[in-house]
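Descriptive analysis of the structure
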Amino acid sequence: MTTLLGHRSLVQEAAALRAGTDDPVDAVNRTCDRIDAVDPQVRAFVPEAGRRTRLLEAARRSTAAGPGEADGRPVLHGIPVGIKDIVRADGLPTRAGSALPPEVLGGPQATVVDRLCAAGALIAGKTVTAEFAVTAPGPTRNPHNPAHTPGGSSSGSAAAVAAGMVPLAIGTQTVGSMIRPAAYCGVVGFKPSYGRIPVDGVIPNATSFDTLGCYATDVAGVALAASVLVDGWRAPEAAVRTALPVLGVPTGPYLERAGGEALRAFEEQQELLRAAGYAVHEVPVMDDFEQIVEQLFTMNRYEVARAHADWFARFGDRYRPETTSAIRQGQAIGDAAYEAARERRGAFRARLAAAGAAAGIDLWIAPSATGPAPADLTTTGTSIMCLPWSNAGLPSVSVPAGHAANGLPLGLQLVGGFGADEDLLYGAAGIARAVDAAGPRHDDGRMHRERRG
């Protein structure tokens, strides 16, 4: 088969590999060919000598050990997956985008990688992260235009899927590190409810917020991956499957943080959804948004400083300025201020849930980012549009929703109730169809040519 990986969705790739009409060895060769062809420009993967040899050996082992019938093969049989380089995977060093010695950052393989391997996936390699998943960007470029950021901190994972190198990649979100790169790179990014994928084996950023998630080219792909990765995954209730979700627009100071182009696109997206039969209600919330931002960063910086207390004491001169600044800020925050911020977060979560319930909404909708990816490789962009939802631990997904004037992708963010991840993804599939009305993506001749699976 000569079709490049990325020209089919994860669901299509998985079906072909399970049915035996595709072969893991062929899938590995396509993956490695694609990485060789485009990653020198995109730089989504951490360089690895012998990647193809390692993956071919793994593919042959999986083929030899696995049953011959499709119904006996695991869900992700032969699927190459990118793993963000703060997630430990046996046989691959963990560097976390940093200059610290990899052996210092080592440890047991993460449960999320165990689950991928048990489902038959092949680990294509480590993907680039901002240093320690904070804000100092890695070398990754946006596949749609290499002069623009892919977002962060899960930059490599989003770009690897967008550039057709792998059909599935794992990232993490503390504030906006899954949703923003998904929007900037034009793929689907899913951040589950806080705690629904175990984070053991993942280098912490801020433990009250850190959440594992995944990228694919469509909602069906992230739902397939979620069925393997998320604790207690279940089919949506019948009532959810027969009714369109009621959507809430969070009007007020939060929404006003989006840029003009994002807000204009968001208005158009709401009209498309109303035309498709969705009820869309405006709900005034978060009048105290500045205080919410301050509360989150009090907790975040405090926890970053504690997570790095030992490493920073030993290797502080090796940290980049952005990470050093975050740690220094956290060191200056006392226990009393932190505990007060935790209490304020609890009150915020309760108020947000009450506002949604009073308005009768099922999902919140908002821009995934303040606009398209900035033409600035020294920043990963701002996480502000994701901040309140991460603060509340809610599940969220970014779906492609047209393009900006410069041709770069835009995303629509959908946010569900805590623990209602299944209902969120079920509803997201129809919403994605309604809002992604921009036609085929363009190719500048240097990157990739993509069609929707």
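The structure presented is a predicted model; accordingly, all values stated were derived computationally and were not measured.

What to know about the overall build of the protein
- Of regular secondary structure, the protein possesses 16 helices and 10 strands.
- Compactness check: the protein gives a C-alpha radius of gyration of 21 Å against a globular reference of 22 Å for 453 residues, within 12% of the reference.
- Projecting the C-alpha coordinates of the protein onto the three principal axes gives extents of approximately 60 × 55 × 40 Å.
- The buried share among the 453 residues of the protein stands at 59%.
- A sequence separation of at least 24 residues applies to 80% of the contacts in the protein between residues at least 6 apart.
- Of the charged side chains in the protein, 42 are positive and 47 negative, and the gap between their average positions amounts to 3 Å.

Digging into the packing of helix α8 (residues 219-229) against helix α16 (residues 421-435)
- Contact geometry for α8 and α16: axes closest at 9 Å, N-to-C directions at 165 degrees. In this view, α8 runs roughly antiparallel relative to α16, as classed from their interaxial angle. Read as a crossing pair, α8 and α16 show a hand that is left-handed. Every residue of α16 that contacts α8 at V219, V222, A223 and A226 is listed here: L425, A428, A429 and A432.
- Residues of the contact of α8 with α16, tallied by class, amount to eight nonpolar, no polar and no charged.

Description of the layout of surface pockets
- In this structure, the largest pocket occupies an estimated 440 Å³ of space.
- For the largest pocket, the lining is made up of 25 residues, of which I361, D362, L363, G416 and G417 are closest to its centre.
- Looking at the lining of the largest pocket, the elements that each hand over two or more residues are α9 (238-242), α14 (335-359), β8 (363-367) and α16.
- The element contributing the most residues to the lining of the largest pocket is α14, with five residues.
- Tallied by class, residues from the lining of the largest pocket come to 18 nonpolar, four polar and three charged.

Overview of the sheet that holds strand β6 (residues 247-251)
- Taken in spatial order, the 10 strands make up an open sheet running β2-β1-β3-β5-β4-β9-β10-β8-β6-β7, and their pairing is mixed. Each end of this open sheet is capped by a strand with a single partner; those strands are β2 (122-127) and β7 (280-284). Across the sheet, the axes of successive neighbouring strands diverge by a mean angle of 30 degrees, strand direction being ignored.
- Strand direction decides the pairing type here: β8 and strand β10 (residues 409-415), joined by four bridges, are antiparallel. From the neighbouring strand, A366 faces β10, where its bridge partner is Q413.

Comments concerning unusual backbone geometry
- Here the bond from G152 into S153 is cis, since omega is 5 degrees, no more than 30 degrees from zero.
- Locating S153 in the fold gives a position in the loop between β2 and α6 (155-162).
- Residues other than glycine seldom take positive phi values, yet A133 does so here, at roughly 60 degrees.
- Topologically, A133 is positioned in the loop between β2 and α6.
- Residue A133 is classed as buried on the basis of its relative accessible area of 5%.

A few points about empty space enclosed by the protein
- If you walk through the whole model with that rule in mind, you get five cavities of 30 Å³ or more.
- Lining the largest cavity are 13 residues, and of these A262, P367, A369, L410 and G411 sit closest to its centre.
- Every element with two or more residues in the lining of the largest cavity is listed here: α10 (260-275) and β10.
- In this structure, the second largest cavity encloses a volume near 60 Å³.

As for the confidence of the model for the protein
- Taken as a whole, the protein shows an average pLDDT of 93; of its residues, 92% reach a score of 70 or greater.
- Note on residues 1-6: pLDDT is under 50 here. Beyond four places in sequence and across chains, it has 20 contacts.
- For the stretch residues 438-453, pLDDT sits under 50, and the model shows 38 contacts to residues farther than four places along the chain or on other chains.

Digging into the packing of aromatic side chains
- Counted by the stated rule, this structure contains seven aromatic pairs.
- When the centroid spacing of 6.0 Å and the interplanar angle of 20 degrees are considered together, the rings of F132 and W311 count as stacked. On the criterion of sequence distance, the pair formed by F132 in the loop between β2 and α6 and W311 in helix α12 (residues 309-315) is long-range, its members being 179 residues apart.
- Residue F132 is classed as buried on the basis of its relative accessible area of 1%.
- One aromatic cluster is present, formed by F132, W311, F312 and Y319 through successive ring pairs.
- Above the plane of the ring of Y302 lies R306, whose end atom (NZ or CZ) is 3.7 Å from the centre.

Points about α6
- Among the eight residues of α6, eight are classified as buried, and the element is accordingly described as predominantly covered.
- Listing the buried residues of α6 in full gives S155, G156, S157, A158, A159, A160, V161 and A162.
- Buried residues along α6 sit in contact with α2 (24-42), β1 (80-84), β2, β3 (168-173), α7 (179-185) and β5 (211-216).
- Two residues or fewer after α6 comes G164, characterised by a positive phi angle close to 75 degrees.

Observations regarding the pairing of β7
- With five bridges connecting them, β6 and β7 associate as parallel partners. Looking across to β7, one finds that V249 is bridged to E282.
- At this point the chain moves from β6, through α10, to the parallel β7, and the crossover so formed is right-handed.

Some words on the pattern of salt bridges
- Tallied over the entire structure, the rule returns 16 salt bridges.
- Residues R52 and D36 are paired through a salt bridge, measuring 3.1 Å at the closest nitrogen-oxygen approach. Here D36 lies in helix α2 and R52 lies in helix α3 (residues 51-65), a separation of 16 residues in the sequence.
- Take R52: its relative accessible area is 26%, and that puts it in the partly exposed class.

Conventions adopted
- Residues numbered from 1 in each chain as written.
- Predicted model: local features only at pLDDT ≥ 70, side-chain atom pairs only at ≥ 80, totals over all residues.
- Heavy atoms only, no water.
- Helix = DSSP H or I, 4+ residues; strand = E, 2+ residues; numbered from the N terminus.
- Rg over C-alpha atoms; globule rule 2.2 N^0.38 Å.
- Buried < 20%, exposed > 50% of the residue type's maximum accessible area, 1.4 Å probe, protein only.
- Contact = heavy atoms within 4.5 Å.
- Lys, Arg positive; Asp, Glu negative; His and termini not counted.
- Charge placed at Lys NZ, Arg CZ, Asp CG, Glu CD.
- Axes fitted to C-alpha atoms, helices over the stretch in contact; angles between N-to-C directions.
- Parallel < 35°, antiparallel > 145°, perpendicular 65-115°, else oblique.
- Left-handed = near helix turned anticlockwise from the far one by under 90°.
- Nonpolar A, V, L, I, M, F, W, Y, C, P; charged D, E, K, R; others polar.
- 1 Å grid on protein atoms, 1.4 Å probe; cavity = no way out; pocket = protein on both sides within 12 Å on 5 of 7 lines; lining within 4 Å.
- Points joined across faces, edges and corners; volume = space filled by probe spheres on them.
- Pairing = 2+ DSSP bridges.
- pLDDT = per-residue confidence, 0-100.
- Phe/Tyr/Trp six-rings, centres within 6.5 Å; stacked < 30°, edge-to-face > 60°.
- Lys NZ or Arg CZ within 6 Å of the ring centre and 35° of its normal.
- Right-handed = clockwise from strand over helix to strand, strands pointing away.
- Salt bridge = Lys/Arg side-chain N within 4 Å of Asp/Glu carboxyl O.

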